[in-house]
Amino acid sequence: MTLFPASRILLALSVLAATGELRAAEAPTKSVEQFLNRYCLECHDADVHKGDRSFHQFALPLKTLPQVIEARDMIDQLTLREMPPKKAAQPSDDERLMAIRALRAGTAAAEASLQSSGSRTVLRRLSNREYENTLATLFGRRVDTLGLTADFPKEKTARHLDTIGQSLVTSGFLLDQYFQAANRLVESRLGKPPITPKTWKFNKNFVQYEEVYGSHKRAFNFRYLNLYEQPNTDTRQGGYGHIEDFKQGVPVSGLYDLEVEAAAMHRDTHYDPAIFGIDFSEPFILGVVPGDVTKGHIHYPQAIEPLLASSVVPDNKPTRLKFRVWLEAGQTPRFIFPNGPYESRASVLAINKRYKDEFKSPIGSSGVDRAHILLEGQLPHIRISEIVVQGPVVEPAGGPEEVAVFGEQGFQSDRALDQLFAFATKAYRRPLQDADRAPLRKMYEKRLAEKAAPRQAALDTLKLILCSPSFLYLSEVTQEGERRLQPFDLSTRLAYALWATPPDEALFASAAAGKLTGDAELKRQIDRLLADERANGFVNGFLDSWLNLRELGGMPPPRETNRAYYAEDLPASMKAEARLFFKELLKENLPVTQFLHADHTFVDKKLAKLYDLPEQKTLRLADGFRKVSLAGDQRRGGLLGMAAVLTVSANGVETSPVIRGAWVSENILGVKPPPPPDVVPAIEPDVSGTTTIRQRLAKHSTDRACAECHRKIDPLGFSLESFDPVGRWRETYPKPKKGPAPKIDTTGEFASGEAYKNFAGFRDILHDKREEQFTRHLIRQFLAYSTGRLMEPADEFAVDRIYAKAKQQGLGLRTIVVECLTSDVFRSR
């Protein structure tokens, strides 16, 4: 449908009036009135308000925003054929189309007079994700080893978006955390004392705790550091290997060289592979993470343990592996076995039970002793025999942080304020004003007056910069009376939308020259930012928000029945598939309808195995991800066939068409289902497994209080029952203790009447019949994510324009992104 600007509508009306044909414009008003009288008022008049709706006073032209909202809802209901209800008298296709056209024309005509003055972004702070990204960008080095946001309050989101100003509140507690984080960062990176590099060597006393302690002492008197299982298991018997004589950690923050002599032992074990739950065709991997003895048990998971480095470990023969890692003061390197067995204790118990006759030594009554297995058996593990730590490594010009704050020449006391002002300009993302310089000068001079050394006075002033509202908030210098963002505000909004970081030098220079507000320059900068690797910040952040993928792993499945989920770190592969698919659509400007149905996807060996694709036989872990064809595949293709979506829309233990249907309604179609009434009882779980969720839902469909919503939600989830809680295809539910496994019924019918038999049919309906609804929702979500505010009804006019332009150009994802970023909504306050 073509949308006419208000000026053209007014011109058309004036021409009609001048020629005496104005009465023809009254036809839509009459036609809508007649349509409502014939098909709607029986249930929605002054006396009967089904669904809390009354149309007896509805009429064109639309004069208020609530009327526009009502009209748009009527358009949606008529387009989806959800109204009139199936049992009521139905309009002909011509009548339905006439009503839709008249209502759409009415909403378009109302645009000029109903621009919302409230459609403004609330002054917002950086999200926790943006905060860490910003610090890493400003200082030129990763900051996740510090865990600066580990104690921050959990971020509040709005419709899963973590960039909405109204949700990003700043409490007194958070302010205190900002002060502490600034102090830790500045002192650890720039306030550390000078130290001569040192070498530490360890090849004995590799003490390990709990059940492995006695076995290691008897078997080799702590000569080796052994890794037996993947990190973060339930029993924690050899998932983390620490250096007992280096628990105090490194003296200062810095780069350290590690040399680790290690061997992969018994990858060719004759024990049943099912005992360990891993893929023995793949080499063992050794990873390095930081540990801090003051933050909890050194052999347990800790809040701050990003992967610092990893390497394949050769089989049997001890080999020197070299790593260069960043460690904070007090951190000690710990070693992990990311693709190790799912649980060491269970493995030992099984070996002692099934292979007890192979051992000459007694196995003990507990069943958990492993000394005899280490001496006589073939227990798979990584064995470390020596560790050398050297550092801190001397870096040019004092390191990236020193250069970022003070420049290549380092700190100069006679230029300290100029150096600080230059850094503050980058931190505040705009030129400084006198009001910005005054508190910095005051702090620096105050610390000097208190006898602080000039460098320390500068560092304390740097902390003030990092606690300033101009740093913590995406502040605006655009004047209050101006609607359009000024160049520096626009550059900041654009950089955080596409990179989740501050503007780089080129974008800042464009703003400084006053060019960025021009259409051509803005488009050029958008293209440049999208072509940069830093656009991964947008891809990751937007998918975490739009599809709620940040919650992936929040409700993990039981370890015993889903070993691969843990041993192979499936959540990481699941996210990677969605990200790579999104990136390809963005780079190649492919139609967004491929989110609903595509003939390809991206998998690594782990996902190929989960999806039962032929590539599982040829891919190796070292191959990473590959684009694979799904032509003719009835099980995969599009977002709803991806394990990331199927896992995040389940609870880890079981699936529900209600939960998955609600997820599809909210995240794919943009319709957030209302919460169930308090009086409605929850769906009873069936611990025996003899009834299906669909059978238990039947009770709700007979209750009128439930049926109104369930008839819309449940059909969106029925076909997805073909996937288990981690996205694996299935045709039956788990087998109960008695009787056969219940067969899954994947049939369903939309509230609008379209029926499907299976997942493929359901996917086709979404692709063929819900393209516009899906695309409009995607546009709204990206506009909200990039502007920092939820879209309002008045913004639908902009959504109309963006959709119309994108539709003309094939609905490419890149086209939609560019149209959103060049729209008035994005460029306005």
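Q: Give a description of helix H16 (residues 505-512) that names residues and reports values.
A: Think of an α-helix as turning once every 3.6 residues; residues three or four places apart then point the same way. Of all the residues in H16, the buried ones are Leu-507, Ser-510 and Ala-511. Each buried residue of H16 lies within a common arc of 100° when the element is viewed along its axis, so the set occupies one face. In H16, those exposed residues whose orientation departs by more than 90 degrees from the buried face are Glu-505 and Ala-512. Positive phi appears at Gly-514, one or two residues downstream of H16, with a value of about 75°.

Q: Lay out the nonpolar core in plain terms, naming residues and giving numbers.
A: Counting 95 residues, the largest nonpolar core has Leu-498, Phe-538, Trp-546, Met-574, Phe-582, Phe-595 and Leu-640 as the members making the most contacts within it. Once residues within four sequence positions are removed from consideration, Leu-640 is found in contact with Val-645, Leu-646, Trp-663, Val-664, Ile-668, Leu-720, Phe-723, Phe-759, Phe-762 and Leu-766. Counting 48 residues, the second largest nonpolar core, distinct from the first, contains Phe-206, Val-252, Ile-278 and Val-348.

Q: Got a sec to walk through unusual backbone geometry? Specific residues and values, please.
A: Omega for the bond connecting Leu-60 with Pro-61 falls within 30 degrees of zero, at 0°, which places this linkage in the cis form. Among the secondary structure elements, Pro-61 is positioned in the loop between helix H2 (27-39) and helix H3 (65-79). Residue Pro-392 follows Gly-391 across a cis peptide bond; omega there is 0°. Inspection of the secondary structure assignment puts Pro-392 in the loop between strand E9 (381-391) and helix H10 (400-406). Even without a glycine there, the phi angle at His-160 is positive, about 75°. Even without being a glycine, Asn-205 presents a positive backbone phi close to 55°. Position of Asn-205 relative to the elements: it lies in the loop between strand E1 (198-202) and helix H7 (211-220). You can call Asn-205 partly exposed: its relative accessible area is 30%.

Q: Give a detailed account of the environment of Leu-529, specifying residues and quantitative values.
A: Topologically, Leu-529 is positioned in helix H17 (residues 519-531). Among the residues examined, Leu-529 registers a relative accessible area of 0% and is labelled buried. With residues up to four places along the chain from it excluded, the contact list for Leu-529 reads Leu-494, Ala-495, Leu-498, Trp-499, Leu-507 and Ala-535.

Q: Run through the pairing of strand E5 (residues 285-291), naming residues and quoting values.
A: Most of E5 is tucked away, with six of its seven residues classed as buried. Bridge count between E5 and strand E6 (residues 309-312): four bridges; the pairing is antiparallel. Opposite Ile-285, over in E6, you have Val-312 as the bridge partner. Where E5 meets strand E8 (residues 332-336), five bridges bridge the pair, whose relative direction is antiparallel. Across the sheet, residue Val-288 finds its bridge partner in E8, namely Phe-335.

Q: Explain the environment of Lys-426 to me, using residue names and the numbers behind them.
A: Considering the arrangement of structural elements, one finds Lys-426 in helix H11 (residues 416-428). The class of Lys-426 is partly exposed, set by a relative accessible area of 41%. Sequence-wise, Lys-426 and Tyr-496 are 70 residues apart; in three dimensions their C-alpha atoms are separated by 14 Å.

Q: How would you explain the sheet that holds E5 if you had to name every residue and give the values?
A: Across the sheet, which stays open at both edges, the four strands sit in the order E3-E8-E5-E6 with antiparallel pairing between neighbours. Each having just a single partner strand, strand E3 (240-241) and E6 make up the two edges of the open sheet.

Q: Which residues make up the side chain of Arg-660, and what values do they have?
A: The residue Arg-660 is located in helix H23 (residues 657-667) in this model. Buried Arg-660, no salt bridge; nearest opposite-charge side chain is Glu-721, N-O distance 4.5 Å. A polar atom in the side chain of Arg-660 sits 2.8 Å from the backbone oxygen of Phe-723. In this view, Arg-660 contacts Leu-646, Ser-649, Ala-650, Thr-655, Gly-717, Leu-720, Glu-721, Phe-723, Asp-724 and Pro-725; residues no more than four positions away in its chain are not counted.

Q: For the packing of helix H15 (residues 487-498) against H16, give the residues involved together with the corresponding values.
A: Two elements in contact, H15 and H16, have axes separated by 8 Å at closest approach and are oriented at 155°. Our classification of the angle between H15 and H16 gives roughly antiparallel. As for how H15 packs across H16, the hand of that crossing is right-handed. Contacts between H15 and H16 involve Pro-487, Phe-488, Ser-491, Leu-494 and Ala-495 from the first element and Leu-507, Phe-508, Ala-511 and Ala-512 from the second. Across the contact of H15 with H16, the residue classes break down as eight nonpolar, one polar and no charged.

Q: So, the packing of H11 against helix H12 (residues 434-449): which residues are in play, and what are the values?
A: For the pair H11 and H12, the least separation of the axes is 11 Å and the interaxial angle reads 135°. Judged by the angle between their axes, H11 and H12 are oblique. Between H11 and H12 lies a crossing of right-handed hand. Touching Ala-416, Leu-417, Leu-420, Phe-421, Ala-424 and Tyr-428 of H11 are Asp-436, Arg-437, Leu-440, Arg-441 and Tyr-444, all from H12. Looking at the contact of H11 with H12, its residues break down into eight nonpolar, no polar and three charged.

Q: Before we move on, can you summarise the pattern of salt bridges with the specific residues and values?
A: For the structure shown, the criterion picks out 54 salt bridges. Put simply, Glu-244 and Lys-247 hold a salt bridge, and the shortest N to O gap is 3.4 Å. Relative accessible area serves as the criterion here: at 24%, Lys-247 is assigned to the partly exposed category. With its nearest N and O atoms 3.8 Å apart, the salt bridge here joins Asp-504 to Arg-534. With Asp-504 in the loop between H15 and H16 and Arg-534 in the loop between H17 and helix H18 (536-546), this residue pair connects regions lying 30 residues apart in the sequence. Its relative accessible area of 39% is what places Arg-534 among the partly exposed residues. If you follow the salt bridges from partner to partner, you end up with Glu-187, Lys-446, Arg-447, Glu-450, Asp-460 and Lys-463 in one network.

Q: If you had to explain the side chain of Thr-134 to someone new, which residues and values would you point to?
A: Within the secondary structure layout, Thr-134 lies in helix H5 (residues 128-139). The class for Thr-134 is buried, based on a relative accessible area of 0%. With sequence-adjacent residues up to four places away left out, Thr-134 is seen in contact with Leu-126, Arg-429, Phe-471, Tyr-496 and Pro-502.

Q: Quick rundown of the confidence of the model for the protein? Include the residues and the values.
A: Per-residue pLDDT for the protein averages 89, and the proportion of residues at 70 or more is 91%. Confidence over residues 1-25 falls short of pLDDT 50; this stretch has 13 contacts with residues more than four positions distant or in other chains. Overall, residues 686-690 carries pLDDT values under 50, and its contacts beyond four positions in sequence, including any with other chains, amount to nine contacts.

Q: Tell me about the packing of aromatic side chains, and please be specific about residues and values.
A: On inspection of all chains with the given rule, the structure shows 35 aromatic pairs. With centroids separated by 5.2 Å and ring planes inclined at 75°, the aromatic side chains of Phe-220 and Tyr-224 adopt a geometry described as edge-to-face. The exposure class of Tyr-224 is partly exposed, given its relative accessible area of 23%. Consider the rings of Tyr-271 and Tyr-355, whose centres lie 4.7 Å apart with planes at 45°: the pair is tilted. Taken together, the residues Tyr-271 in the loop between strand E4 (254-265) and E5 and Tyr-355 in the loop between helix H8 (344-354) and helix H9 (371-376) connect sequence positions 84 residues apart. Overall, Tyr-271 belongs to the buried group, its relative accessible area being 1%. Given a relative accessible area of 13%, Tyr-355 falls into the buried group.

Cut-offs and rules
Residues numbered from 1 in each chain as written. Predicted model: local features only at pLDDT ≥ 70, side-chain atom pairs only at ≥ 80, totals over all residues. Heavy atoms only, no water. Buried < 20%, exposed > 50% of the residue type's maximum accessible area, 1.4 Å probe, protein only. Helix = DSSP H or I, 4+ residues; strand = E, 2+ residues; numbered from the N terminus. Arc of directions from axis to C-beta. Core = buried A, V, L, I, M, F, W, Y, C linked by side-chain atoms within 4.5 Å. Contact = heavy atoms within 4.5 Å. Pairing = 2+ DSSP bridges. Lys, Arg positive; Asp, Glu negative; His and termini not counted. Salt bridge = Lys/Arg side-chain N within 4 Å of Asp/Glu carboxyl O. Polar contact = N/O pair within 3.5 Å; in protein donor to acceptor, adjacent residues only side chain to side chain. Axes fitted to C-alpha atoms, helices over the stretch in contact; angles between N-to-C directions. Parallel < 35°, antiparallel > 145°, perpendicular 65-115°, else oblique. Left-handed = near helix turned anticlockwise from the far one by under 90°. Nonpolar A, V, L, I, M, F, W, Y, C, P; charged D, E, K, R; others polar. pLDDT = per-residue confidence, 0-100. Phe/Tyr/Trp six-rings, centres within 6.5 Å; stacked < 30°, edge-to-face > 60°.

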